[in-house]
Every structure is written in structure tokens, then in C-alpha cells.
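Structural description and commentary
Below are the chains, spelled out letter by letter.
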Amino acid sequence: MNKNMIITGLIIFVLAVLSPFWFNIITTIEAAPKPELLGNAKEEKKCVLEKYDMRANHPSLLDEWRDSVVRDSDRQYKAANGHTFEMSLSTGKNSCLGCHEDKAKFCDSCHTYASVDPYCWECHTNPKEIK
Amino acid sequence: MNQKYLIPLTTVFLLFLVAYTGVEGAGLHQVFGIFIPYLAVLAFLAGFVYKVLGWASSAVPFRIPTTCGQQKSLPWIKQNCIDNPDTSTGVLLRMVLEIFLFRSLFRNTKAAFNKNESNTLSYSWEIFLWLGALAFHYSFLVVILRHFRFFTSPVPSCLKFLEYMDGIVQLGLPGLFISGAVLLLATLFLLARRVLDAKVTYISQAADYFPLFLIIGIAASGLSMRYFTKVDIVGIKTLTMGLVTFSPIIPEGVGGLFYAHLFLVSILFAYFPASKLMHLGGIFLSPTRNMANNTRAKRHVNPWNYDVKTHTYEEYEDHFREKMIEAGLPVDKEE
Amino acid sequence: MSNEIKPDELLNKIDYAPASGNWMDTTGSVQIRPGMYCYAAKAESVQTLSLPNARPWNPLEEDWKLPDNWQEIIFQAMKERLERFRTFKVFMDICVRCGACADKCHFFLGTGDPKNMPVLRAELLRSVYRNDFSTAAKILSKIPGGKALAGARPMTLSVLKEWWYYFFQCTECRRCSVFCPYGIDTAEITIMAREIFNLLGLNIDWIATPVSNCFKTGNHLGIQPHAFKDMLEFFVEDIESLTGVNCTPQFQKKGADILFITPSGDVFADPGTYTCQGYLILFKYLKDKYGLDVTWSTYASEGGNFGFFTSHETMKRLNAKMYAEARRLGVKWILGGECGHMWRVIHQYMDTMNGPADFLEIPKNPITGTVFENAASTKMVHITEFTADLIKHGKLELDKSRNADRIVTFHDSCNPARGMGLLDEPRYVIQNVCDNFYEMPPNTIREQTFCCGSGSGLNAGENMELRMAGALPRANALKYVHKKFGVNTLGTICAIDRATLTTMCEYWVPDVQVYGVHELVGNALILPGEKKRTENLRLEPMTGFEEEDDE
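Reading guide: rules and limits
- Here the residue index of a chain counts from 1 through its sequence in written order.
- As they are written, the chains are lettered A onward and the ligands numbered 1 onward, keeping that order.
- At least 70 in pLDDT is required for a residue's local features to be given in this predicted model, at least 80 for side-chain atom pairs to be given and counted, and no such filter applies to totals for whole chains, interfaces and linings, which use all residues.
- Strands here mean DSSP runs of E at least two residues long; helices mean DSSP runs of H or I at least four residues long; both are numbered from the N terminus.
- The globule rule is 2.2 Å times the number of residues to the power 0.38, and the radius of gyration it is compared with is taken over C-alpha atoms.
- Buried residues are those with 20 or more other C-beta atoms within 10 Å of their own C-beta, exposed residues have 12 or fewer, and partly exposed residues lie in between; C-beta atoms are placed from the backbone.
- For the purpose of contact definition, each residue receives a C-beta atom placed from its backbone, and two residues are in contact when these atoms lie within 7 Å.
- When DSSP locates at least two bridges between a pair of strands, those strands are taken to pair.
- All domain edges in this entry derive from an automatic or database-based domain assignment.
- A set of buried Ala, Val, Leu, Ile, Met, Phe, Trp, Tyr and Cys residues, joined to one another through C-beta atoms within 7 Å, is what we call a nonpolar core.
- For the handedness criterion, the strands are oriented away from the viewer, and a crossover whose path from the first strand over the helix to the second runs clockwise is classed as right-handed.
- Values of pLDDT, the confidence the predictor places in each residue, fall between 0 and 100.
- In this classification, the charged set is Asp, Glu, Lys and Arg, the nonpolar set is Ala, Val, Leu, Ile, Met, Phe, Trp, Tyr, Cys and Pro, and all remaining amino acids, among them Gly, are polar.
- Lines are fitted to the C-alpha atoms to define the axes, a helix being fitted only along its stretch in contact, and any angle between axes, read from their N-to-C directions, falls within 0 to 180 degrees.
- Roughly parallel refers to an angle under 35 degrees, roughly antiparallel to one over 145, roughly perpendicular to one between 65 and 115, and oblique to any angle outside these ranges.

Helix and strand counts for chain A stand at seven helices and two strands. For chain A, the N- to C-terminal ordering of α and β elements is α-α-α-α-β-β-α-α-α. On C-alpha atoms alone, chain A measures out to a radius of gyration of 22 Å, which is more than a quarter above the 14 Å that the 2.2 N^0.38 rule sets for 131 residues. Seen through its principal axes, chain A has C-alpha atoms that stretch 70 × 30 × 30 Å. Put simply, chain A has 131 residues, and 11% of those count as buried. Considering only contacts within chain A whose residues lie at least 6 apart along the sequence, 47% involve residues at least 24 apart.

This brings us to the overall build of chain C. On a plain count of helices and strands, chain C comes out with 24 helices and nine strands. Relative to its length of 551 residues, chain C is compact, with a C-alpha radius of gyration of 24 Å against a globular reference of 24 Å. Dimensions of chain C along its principal axes, counting C-alpha atoms only, are 90 × 50 × 40 Å. Per-residue burial for chain C yields a buried fraction of 63% across its 551 residues. At a minimum sequence separation of 6, the contacts of chain C that also span at least 24 residues come to 77%.

A few words now on helix H18 (residues 383–392) of chain C. Since the α-helix turns once every 3.6 residues, residues separated by three or four places project in the same direction. All names here are of chain C. For H18, a buried count of eight out of 10 residues is recorded, marking the element as mostly surrounded by other parts of the structure. Every buried residue belonging to H18 is among Ile383, Thr384, Glu385, Phe386, Thr387, Ala388, Asp389 and Leu390, and all of these are buried. Structurally, H18 contributes buried residues whose contacts are with helix H15 (272–290), strand S4 (333–336), strand S5 (380–382), helix H20 (424–433) and helix H24 (517–524). Following H18 by one or two positions, Gly394 has its phi on the positive side, about 65 degrees.

A few words now on the sheet that holds S5(C). All names here are of chain C. Ordered by their spatial adjacency, five strands build an open sheet running S1-S3-S2-S4-S5, and the pairing between neighbours is parallel. The open sheet has two edge strands with one neighbour each: strand S1 (250–251) and S5. Pairing of strand S2 (residues 258–261) with strand S3 (residues 294–296) involves two bridges; the strand directions are parallel. The residue of S3 that forms the bridge with Ile258 is Val294.

Residue and element names in this part refer to chain C. Structurally, chain C comprises domain 1 (7–30 + 52–202) and domain 2 (211–524). On the side of domain 2, 23 residues touch domain 1, which itself brings 18 residues to the contact. Where the side of domain 1 that touches domain 2 is concerned, the elements lending two or more residues are helix H1 (7–12), helix H5 (106–111), helix H10 (175–179) and helix H11 (186–199). Broken down by element, the residue count for the side of domain 1 that touches domain 2 peaks at five residues, all from H5.

This paragraph deals with the arrangement of the chains. Between chains B and C lies the most contact-rich interface of the two pairs of chains that touch. Over all C-alpha pairs, chain A and chain C never come within contact, reaching a minimum spacing of 10 Å.

Moving on, we get to unusual backbone geometry. With omega at 0 degrees, the peptide bond leading from B:Ser153 into B:Pro154 counts as cis. Mapped onto the elements, B:Pro154 comes out in the loop between helix H5 (128–146) and helix H6 (157–166). The omega angle of the peptide bond from C:Asp270 to C:Pro271 is 0 degrees, so this bond is cis rather than trans. Take C:Pro271: it is sitting in the loop between helix H14 (265–268) and H15. Its identity is not glycine, yet C:Arg174 carries a phi of approximately 70 degrees, on the positive side. Looking at where C:Arg174 falls in the secondary structure, it is placed in the loop between helix H9 (157–167) and H10. For C:Leu539, which is not a glycine, the phi torsion comes out positive at approximately 60 degrees. Along the polypeptide, C:Leu539 turns up in the segment after H24.

B:Tyr259, B:Phe263, C:Trp163, C:Leu259, C:Ile334 and C:Met504 are the most contacted members of the largest nonpolar core, which has 258 residues in total. Excluding anything up to four places from it in sequence, C:Trp163 contacts C:Leu124, C:Leu125 and C:Ala193.

Turning next to the pairing of S4(C). Put simply, side chains in a regular strand alternate between the two faces of the sheet. Residue and element names in this part refer to chain C. Of the two faces of S4, the one holding Trp333 and Leu335 and the one holding Ile334 and Gly336 are both buried throughout. Where S2 lies against S4, four bridges are found, and the strand directions are parallel. Within the sheet, the bridge partner assigned to Leu259 lies in S4 and is Ile334. Tracing the backbone out of S4, into helix H17 (residues 340–354) and back to the parallel element S5 gives a crossover that is right-handed.

On to the confidence of the model for chain C, then. In the predicted model, chain C carries a mean pLDDT of 93, and the fraction of residues at 70 or more is 98%. Both scores are given for the predicted complex: the pTM is 0.93, the ipTM 0.94.

The partner chain A presents 25 residues to the 30 residues of chain B that form the contact. Elements that contribute at least two residues to the side of chain B that touches chain A include exactly helix H2 (29–57), H6 and helix H10 (233–244) of chain B. Per element, the largest residue contribution to the side of chain B that touches chain A is six residues, and it comes from H10(B). For the side of chain B that touches chain A, the class distribution of residues is 17 nonpolar, seven polar and six charged.

This part takes up the environment of C:Gly486. Its location among the elements puts C:Gly486 in the loop between helix H22 (472–485) and strand S8 (489–492). It is 6.9 Å that separates the C-alpha atoms of C:Gly486 and C:Ile407, two residues lying 79 residues apart in sequence.

All names here are of chain C. The four strands are arranged S7-S6-S8-S9 in an open sheet whose pairing can be described as parallel. Two strands close off the open sheet at either side, each with one partner strand: strand S7 (436–437) and strand S9 (513–516). Both strand S6 (residues 407–410) and S7 contribute to a ladder of two bridges, which runs parallel. By the bridge assignment for S7, Val408 is matched with Phe437.

Our next topic: the packing of helix H13 (residues 313–327) of chain B against helix H13 (residues 225–243) of chain C. Look at H13(B) against H13(C): their axes get within 8 Å of each other, and the N-to-C directions meet at 30 degrees. One element, H13(B), and the other, H13(C), form an angle in the roughly parallel class. Across from B:Phe320, B:Lys323, B:Met324, B:Glu326 and B:Ala327 in H13(B), the residues of H13(C) making contact are C:Pro225, C:His226 and C:Lys229. Of the residues that constitute the contact of H13(B) with H13(C), the class distribution is four nonpolar, one polar and three charged.

For the rest of this paragraph, the subject is the interface of chain B and chain C. Contacts between the two partners involve 89 residues from chain B, matched on the other side by 98 residues from chain C. Considering each element in turn, the side of chain B that touches chain C owes the most residues, seven residues, to H13(B). Counted by class, the side of chain B that touches chain C contains 43 nonpolar, 30 polar and 16 charged residues.

Listed below in C-alpha cells is the structure:
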């Protein structure tokens, strides 16, 4: 293998390693979504989890809720802050989306940003879409 | 003997703790989140390039492929074009199979000596090292590629497709990525081999255990964040995007485990060029694999070939002339 | 001399599970053990080639009479070789110690000594490389805990002795390299180590003296020109009594078509001599039938090259005679006899070292018209390529039944197998000169072939335990076909094999004889005007050809 081939290979390798850097220079970056409280949520000021806890743990919380509702038909969730909530993602005023009205902003923007594709919406429907 | 793996194990633990406590206790987010990752990438690239250029600067004086099949000779004898290539296409094919499918390792056999019964040696096909190595390398590759979701926004659809395929078993919540689990299992297998096979234990150095423990640490902390302890993904992505766009920021609410994970990755990057992990580059440059076996057909030139003192025919004849004449052997100079 | 240790005792020693412990700590305890090492090079042999530090010395003694600056010499030698050989540099850096090579070495399989695992043999040198040349290891050593990670050790006298002991327990057979995922070739590392030994005057005599002989008299055995001629004429007499045909060869004939070069072992030692007679019969046949003009040379009377086991430079010095003689005689091209390492040198080194051979023609078989494209540059053809081509074109009249007693298997020699890929040519020849051919098990032939255990200059008498241990895997496979198919003949295309495998058979598989492929050809080939043969070249009666009772 001659030197030119080695150096070509090396350049390709370095470019590949640096791809996260130059890729973001040549493409437009979608900025991180800014969480915004809208509608009911803005006024409510209390939720099932604290802010950072919510960001990290909402998927497992929803998972626990699902099991609780489906298997034990227990729909009451007592949060750490003492309040009790209805375990529901999308049905009724007291559900997640009942309070956080805008699914696109509340769910999708972050999920898209982090490239997460939860299968919640294969069964649930965005209440806004029913109307 | 224990030293060989106890020291690396302890080192990886300490490294983990340094980052964890550094962030949680001393609040050194900037150091572990920005400063060290940048340094690690620099060290990785500089070290890698330096090492490969060092190899490239050495000559390849002779064409010495290891031939693993029939040579090209007479037209009616079937040549093994891959294992004994005489063209660059054949070499390319051989290298592709070597690099992507670990073809040589696939041949691996295990020898056993049946003492007392028949005193015979037997060889059996030993596929597990090949399987383990393949599983390890490919799962690691997929894991690395998946992490590009932290470095791109919007995330390209090819990455989403990769995530989809990797999560196709749809197990648990969040959905299991096969690659992560395979990575951890494969590294544990490779570690078990080193510890349990007496021959491999004997040849193993601390430098063999260290990267294994390091990668196990990285995989375990990563898996832990995804499946068990949970982290704020969006927060982490703002940090990683900040890094790759040269406008680093430290998000709030991201805990020590993430920084420990990042620190172990940084250590792996920085350590890489200084270690056996350079086989990543070296496999391309191995003269026993990347050369065509055509030395008799095409002359290979040695850049440093120099003249040597030989014993010439004239010297030989001068020495033996009388005896040669007497024996009736032809000579150049009859005296 | 060969049987100081009994086969059973040798087998009892084998254990593939090495003791625990760090091998680097046990360096000081290296025991150079009689039966496992070769005697030191004689001073005069070293002097003939003007190589450094010629003096009498003994490996068993504490003082090896090294030059005062021996460490500096090693450092410089390694530095120079790292720049000159990419193989060396890359192989020092990229081993991951996966252990795939561990049980591929015949010396490990035969001795169970963990330092005979190829990876460990290389690590003996790597540990010093890391200490002296690796920037990374130097940086690591400064970080707390990094010293353990570096795996380095300084060059000490006991390390040197360990190197010497184990790099003269490697036959450069390259079997490990077939299995290594990065193609790391321990032969390359052994070659470097032996170059370093030669700079310190640490060669073994079984290499140094043949090299010195070859340099002066043209062949390893130091056969002088008149004696060389005498020996061939002695074979001519034997053949004549057997066949009634006079096969007298030509020597140093200017303007001949082909210069023929074969290892001197075939001229000197049984059973190679019978292979040599096979060549004489073949050339006589081709001369009479087709007028092919082949010449031998007493100056270039050595195909083998023990210089290869000394240093690249010495290899080049010995090899130079081939082209020099071909040029002087004005032949068209060169034909090479059956030999292992000779063919590695010719195939992978000769043209590069001593070429270009622009004074020769591209080899063309004048009888069949075949152009040997694969030898277009080096201009040297292997005799089994040549004979296979003749047979394929129906140019040889062969009587297979004269080899009916021979139940044959074929031992691929390491160098033609893994340094060339000459696998099917000899098989084709064998199958056309005898009817009974059986392969040994697949893991022991072709590119996975096992060394005879005595290659690369280790075929001395004093290291017989090592040789017989190293031959165990080959013998074991042979025994298998001996029992299963009644194999009684081990075919080879290597002069060292013919000598060493004979010893191996006596030790491990007593009922098998070793044959060169061209001995089988010599038996089968029907010479024009020959009388009825009743015996083979070994003067043993052939079944079905008994002398008729006159009364």
C-alpha cells in the first residue's frame, strides 16, 4: 500500500471523525425546543412530577400508569407534591393533554429533537383531533 | 496475576468516581462536559494520524503476502483469487472480507491433545471468538452511529431508520436497542475468555483488560441512563450540540452519571492511539494481507536496496581452478 | 543420537494449560536446556562472512562474550529495522492478544511451553519495543497506574537470553499468520530478532557454517566442484545399472536452454539423493525426446539459502549467485528444484534483491509452448510447475504401476504453501505418477500445513527433543492416514523435509518412508531405450516387476 493511499484513507478517517462538527456547519441546525407552558397548564402550576424529574422520567411514569389502569383499574396517582391526579394521557380535563393542550409543542417538539418515537399515539389520540 | 486485571478495574472505577464526584461534589461541569471532551478528540486525532503516518513512513521492502490458497500459475490450475490474489481487485476483496467479516479469525480452530487414550491431537472449528468479536465490533459501531442523534438536528432519516431497525424487537419502555445489549454481553464474553481460558489469561496484559473494563463501564453507564436511572435527553443534547457547534453550554438538571459516561468515553478516545486499539488503522496496513502475490510476475522494488559483497564466479574459479580442470569441469580461464 | 527422550516421555510433558503468573516476572528463570537449543556458531564461520563478534562462546555459560555496548547495538538495530520494515513496525503495535494464534504453532502443540505461543514469542520482543520506542508507553508510564498499562520491560541480559532461546524455537513457518486477524507474521518478527542476534555474534552453528560454506564453495554442505560432479556421476551409475540408460548431466554449459538449481541436500543425503536421480532421469528424457538442453552449475549449486535465517543481507549475498551464474552462462531462464525456503526466497525476495533479471527471457516451456506468465519477471520456474505442464500436455510417458507399492500422502512445505501458494501443482504430478493418493486431515494440509519442526536452520542434531516435539502435529496427522489408508509414503517438495521428516517418521511413525515428488516421477518415467526395471530408485524390488525366473 503506497503512501498516497494511506494519506487518502487517513483524510477520509479524520473527516469521518470530525463529521459531527462539519455536518452542522454545512446544514441548518434546528435549535433545541424551548419548553413553554400554555393554556390550563400555565395557570395550574402543579404537575405530576418536578421539572427535571419530569424530563427524565415521564416515559416510565406513563408506563406505570398504563399498567396500573389496565391491570388494576386504579386511576388515582398521588404525586410527590401531595396532589392527586387522574392517570390519563389524553382523556378528560385532568389528563396530560387535557392540561397541556398543544401536543405538537408539549410532546412532539422534544421527541423530534431527541429523535424519539414513542408508540403512545398508536392507541391514544390527540383530543384536539377528535373535535 | 490478579494485578493484571485488578489495576485496570480499579483504574476504571476511579475514573468513573473522579468524574461523578467532580461534577456532583465539586461542580466541575465545565471541565468534564466541555474541556476534557475537546481535549480527548484532539488527542485521538493527533495520536491516530501520528501513528499511521509513522507506519506509512516505514518502507515495504519486500512483497511478502501470506498466501492462504492456490497461487496463479498454469492456466488450467484453479487459482484461489481471494486468499492468494495476484491482482489489486483480489487484494481489495481479501481486505474487505478481512476488515468487515474477520475472515482469518473465522478459520480459527481449537487444538486438543487426547492424552492416554490415543495420544492424538485433534482440531475442531472454534467459532466463538469470531462470533464474539464480530458481535462486539458491529454492536459498537451501531451504538456509535446511533449517538449521532446527539450531534445532528434535525436527525437525518438514515439515523432514524437505524434506530428503528435497532429497536425492532419493541421490547420494554423505552424500547430496547439490540446493539447496546449485545455490546455489553459481547464485552463480557471477551472478558470471560481472558479470565477463564488459561492460555489467554497467560498472554493477557493489563493493557488488554483496561479497554475492556473501560468499554464495559461506558456501555453499563449508557444502558443505565437509558433504561434505569434516566436522564434529561433534551438537556444532554443541548450540551452535545453545543460542543459540535463550538458554542458549548452546560444544561441544568443533568447529573453526574452522564458526565462519568462522557468522561469514560473521553478516556477511551485519548487512550486509543496509545494502545492496541490502533489495530483499527493497522489492519489496513498489514503487508501480509494487503499485497498481491505476484512477485515473480511483477518486480517489486525495495527503496533501500543496497549492494552487498558477494563471492563472484571469478573468485570461485580462482579458488578451485585446478580441481575443476582435473575433474573436467569447464573453466573460463585456462592457465 | 535422536532418541534420548522417548516418544512417550515427550507426550507426557504436553499440557496446554499454562501455569498462572506473569511471564514478564519469570524472565530471569529462563533455562536453556540441552535438546532444545542449537550449538553456538563457530568463530571461523562467522569470520568468512565478515559478520561481527566472531568468537567461541557457549549458550549454557553465564558469559556470552557480548560486545560492551550490546544494548546500544540492539537499540540501534531495532530502530533501523522499524524504519526499514513496515511489517515490523505495524506488528509491534497492533497485536490485541486475542489468542487465535496460540494453539496454531507446532512448537506449542508439541511442547506446551506457553512461550511458544506465537503471540508470546512476539511479546518477548514487543515488551522491549514498548519500553524503548513507544511514545505512548512512555507517556503512559508517567501517569499514575500507567506503568502497568504500558506492559514494558527494559532490555537485560536475561531478556536477551530468553529471546535467543525462543527465537531459535520458531521455524518461520507462518502458520500463525494464516489465523491472525491482522496477518501478524511471527516469521517476520523472528527474522528481525535473528538479524539482531547476528549483529551480536549470536548465530547458531547449524546456520552459520552452511552459510559460510555456501558463500565460499557454492553450497551449504561445502561440496567442492569436483566432488559435486563426482556425486552426480555416482547417481548416473546407479541409474544406468537400473535402467541401462546413461543420464550424465551437463555442468556450466554456456548457452544451455535452462539452468537448473536445487538444494545441495539432494546431492548429498538420502533420501533426497533419489529425488536428485529423478531430476537426472527427467532431464535425460527431455533431452532425448525433445532436445531440451539443461545445465547444472557447481558455482550456483545451492538452491537453499540459510542466509535467509541469518539476515536479509546475508540472504541477498548467497542468492546473488543464481542470477550471476544464469547471466554468465547465457541461459534463457532458471528452473528450481524441490525446496521449501529456497522457494520463499525466490518467489518473494530474489527479483527485488538481485533483479531485474532483464538478461533472461520470460520462461517458456519449449516442449509445450506454455509461457510461465507467473514467473515473467523473476524468470525462475518451480520444477513441479514445469513437470505438471509437461504431464498436462501429454509429453511424458509414465508407468504409474511402477509406484503401485507406494500409498502416498503429501506434506505441504510451509514456504511453498504460505509464501507462494504452490499447492495443486505437486498434487497433480503425484496423482499422475501413482494411483494411491490420500490427503491428511484438512486442518493439517495446504495453507494450514504443519511444519516438519526443523525448518529455518533448526535441523541440527543437538536439538532433537525440540525437533521431535515440533514434528508431533505433522506426525500425528501422518499417523492418522497411515492407520486409516495404509499410507506408507510421505511425499514432499522440500530438501529439508526429506531429511527431517525421515527422522520424524523413525521417531513417530516408523513404517512410513519419505519421498520427493520427483523420485516418484523418476520411478514412473519410461526412458527411451530403457531395459525392464525390477527395482525402484532405492533398489527395492517393485511388486509386479519381479525378475522372471529363467528356469
